[in-house]
Amino acid sequence: MRILIVDDESDIRRILRILLEKANYEVIEAQDGLTAIECIKNDRSIDLCIMDVMMPNMSGIEATAAIRGFS
């Protein structure tokens, strides 16, 4: 299973990556909503997205709405 972690704080992404990889998940990271949208557009093999709500430039809610518009 491939999981996309979206958070503007690198420490949170790192901790989640460590925990998920220990559980044998493949992890992809994005630092903001815009990057997350591009990741999902370009890689349709992502099974799950863990998205922070409060991020600069585009909130997690806005990014999720944009992703739902094409997925």
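Reading the values: rules and limits
- Residues numbered from 1 in each chain as written.
- Predicted model: local features only at pLDDT ≥ 70, side-chain atom pairs only at ≥ 80, totals over all residues.
- Heavy atoms only, no water.
- Core = buried A, V, L, I, M, F, W, Y, C linked by side-chain atoms within 4.5 Å.
- Buried < 20%, exposed > 50% of the residue type's maximum accessible area, 1.4 Å probe, protein only.
- Helix = DSSP H or I, 4+ residues; strand = E, 2+ residues; numbered from the N terminus.
- Contact = heavy atoms within 4.5 Å.
- Pairing = 2+ DSSP bridges.
- Axes fitted to C-alpha atoms, helices over the stretch in contact; angles between N-to-C directions.
- 1 Å grid on protein atoms, 1.4 Å probe; cavity = no way out; pocket = protein on both sides within 12 Å on 5 of 7 lines; lining within 4 Å.
- Points joined across faces, edges and corners; volume = space filled by probe spheres on them.
- Nonpolar A, V, L, I, M, F, W, Y, C, P; charged D, E, K, R; others polar.

Caption draft 1: Looking closely at the nonpolar core. Judged by nonpolar contacts, the single largest core of 14 residues is most densely connected at Leu4, Val6, Ala36, Ile46 and Met51. Only strand E1 (2-6), strand E2 (26-30), helix H2 (33-42) and helix H3 (60-68) provide two or more residues apiece to this core. Among the elements that line this core, the one with the most residues is H2, at four residues. Contacts of Ala36, omitting those with residues within four sequence positions, involve Leu4, Val6, Ala30 and Met51.

Caption draft 2: Spatial organisation of the sheet that holds E2. One open sheet accounts for three strands, arranged E2-E1-E3; its pairing is parallel. The two strands at the open ends of the sheet, each matched to only one other strand, are E2 and strand E3 (48-51). Here the average twist between neighbouring strands, direction ignored, is 20°. Note: E1 against E3, four bridges, orientation parallel. Directly across from Ile5, in E3, lies its bridge partner Ile50. The sheet strands contacting H2 are E1, E2 and E3, and the helix crosses E1 at an angle near 160°.

Caption draft 3: Looking closely at the layout of surface pockets. For the largest pocket, the calculated volume is near 190 Å³. For the largest pocket, the full set of lining residues is Ile40, Asp43, Arg44, Ile46, Asp47, Leu48, Cys49, Met51, Thr64, Ile67, Arg68 and Ser71. Taken together, the elements giving at least two residues each to the lining of the largest pocket come down to E3 and H3. Of the residues contributing to the lining of the largest pocket, the split by class is six nonpolar, two polar and four charged.

Caption draft 4: Focus on unusual backbone geometry. Positive phi, close to 70°, is recorded for Asn24, a residue that is not glycine. As for its position among the elements, Asn24 is in the loop between helix H1 (10-22) and E2. Classification of Asn24 as exposed rests on a relative accessible area of 69%. The phi torsion at Asn57 lies on the positive side, around 75°, for a residue other than glycine. We classify Asn57 as exposed; its relative accessible area is 70%.

Fair warning: the whole summary comes from geometry, so function is off the table for now.
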